[in-house]
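The lines below spell out each chain.
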Amino acid sequence: MDNPAELPDHYRTDCPRCVGLCCIASAHLPANGFPETKQANQRCRNLTDDNRCRVFETLEAEGYLVCRAYDCFGAGPTVTRWIERDGTPMPSSQRLEDFRQLSRLHMLVTAVRGQDEKTIAPLVAAGNEVSLAYKLNGIFNPTSQFVSMLKYYKDIVDALLREK
């Protein structure tokens, strides 16, 4: 990955600025570093009423071995801003899906940045445009250009992601 300082702010994970989206959207399995099973779209039992982690300081001791290592690549704080603007205490199913899609987009853009710049730069630029549009408008809507580019660069992206 490139120097994280070169990434736009909305690509940086910042748990205190998030309303526990990964703690709601993600499924938990004991085999994957969690002490119990939790289905996707269900609140983690450790979330407070305002969707903050009550065991954040002691995650590992509580058996949540992967939580601190999880990186949403800034999708959590970005989507949280829109949840707060929506004025809802709980994220809607649409905002949870926005979180999933935006975190995947940010992961992709972050993974391919700096790789074969001349070839992949148009995909990075198009991904950044989709991300910025969400940040500004609160609607995750990949452009047809971005979707076409994903198909065009599929082999390159697959190879780069396998390396990571």
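From a predicted model like this one, the values you see are computed outputs, not experimental measurements.

(A) Examining the layout of surface pockets more closely. Within this model, the largest pocket holds a volume of roughly 510 Å³. Along the walls of the largest pocket sit 30 residues, with C15, G20, C22, C23 and F56 positioned nearest its centre. Counting residues per element, the ones that place at least two in the lining of the largest pocket are helix 1 (21-25) and helix 2 (75-86). Top element by residues in the lining of the largest pocket is helix 1. It accounts for 3 residues. The residue inventory of the lining of the largest pocket, partitioned by class, reads 20 nonpolar, 7 polar and 3 charged. In this structure, the second largest pocket occupies an estimated 170 Å³ of space. Around the second largest pocket, the lining residues are Q101, R104, L105, L108, F140, P142, F146 and L150. Elements that contribute at least two residues to the lining of the second largest pocket include exactly helix 3 (93-112) and helix 5 (144-152). No other element matches helix 3, which puts 4 residues into the lining of the second largest pocket.

(B) Seen up close, the side chain of S103. Inspection of the secondary structure puts S103 in helix 3. In this structure, S103 is in contact with Y70, C72, F73 and A75, ignoring residues within four places of it in sequence.

(C) Highlighting the packing of helix 2 against helix 3. Viewed as axis vectors pointing N to C, helix 2 and helix 3 meet at an angle of 155°, and their least axial separation amounts to 9 Å. By the criterion of interaxial angle, the relationship of helix 2 to helix 3 is roughly antiparallel. Between helix 2 and helix 3 the crossing geometry is right-handed. Contacts from A75, G76, T78, V79, W82, I83 and D86 of helix 2 reach helix 3 at R95, D98, F99, L102, S103 and H106. Looking at the contact of helix 2 with helix 3 residue by residue, the classes come out as 6 nonpolar, 4 polar and 3 charged.

(D) Quick look at the confidence of the model for the chain. For the chain, mean pLDDT is 88; residues scoring 70 or higher make up 92% of the total. Scored below 50 in pLDDT, residues 1-5 shows 7 contacts in the model against residues more than four places distant or in partner chains.

(E) Focus on the pattern of salt bridges. Going through the model one piece at a time under the given rule, you end up with 8 salt bridges. Between D9 and R12 there is a salt bridge, with its nearest N and O atoms 2.4 Å apart. For D9, a relative accessible area of 55% corresponds to the exposed category. Measuring nitrogen to oxygen at the nearest pair gives 3.2 Å for the salt bridge that ties R95 to D98. With R95 and D98 both in helix 3 and 3 residues apart, the pair spans about one turn of that helix. Of the two residues, R95 and D98, both sit in the buried class. Residues participating in the shared-partner salt-bridge network are D86, R95 and D98.

Conventions adopted
- Residues numbered from 1 in each chain as written.
- Predicted model: local features only at pLDDT ≥ 70, side-chain atom pairs only at ≥ 80, totals over all residues.
- Heavy atoms only, no water.
- 1 Å grid on protein atoms, 1.4 Å probe; cavity = no way out; pocket = protein on both sides within 12 Å on 5 of 7 lines; lining within 4 Å.
- Points joined across faces, edges and corners; volume = space filled by probe spheres on them.
- Helix = DSSP H or I, 4+ residues; strand = E, 2+ residues; numbered from the N terminus.
- Nonpolar A, V, L, I, M, F, W, Y, C, P; charged D, E, K, R; others polar.
- Contact = heavy atoms within 4.5 Å.
- Axes fitted to C-alpha atoms, helices over the stretch in contact; angles between N-to-C directions.
- Parallel < 35°, antiparallel > 145°, perpendicular 65-115°, else oblique.
- Left-handed = near helix turned anticlockwise from the far one by under 90°.
- pLDDT = per-residue confidence, 0-100.
- Salt bridge = Lys/Arg side-chain N within 4 Å of Asp/Glu carboxyl O.
- Buried < 20%, exposed > 50% of the residue type's maximum accessible area, 1.4 Å probe, protein only.

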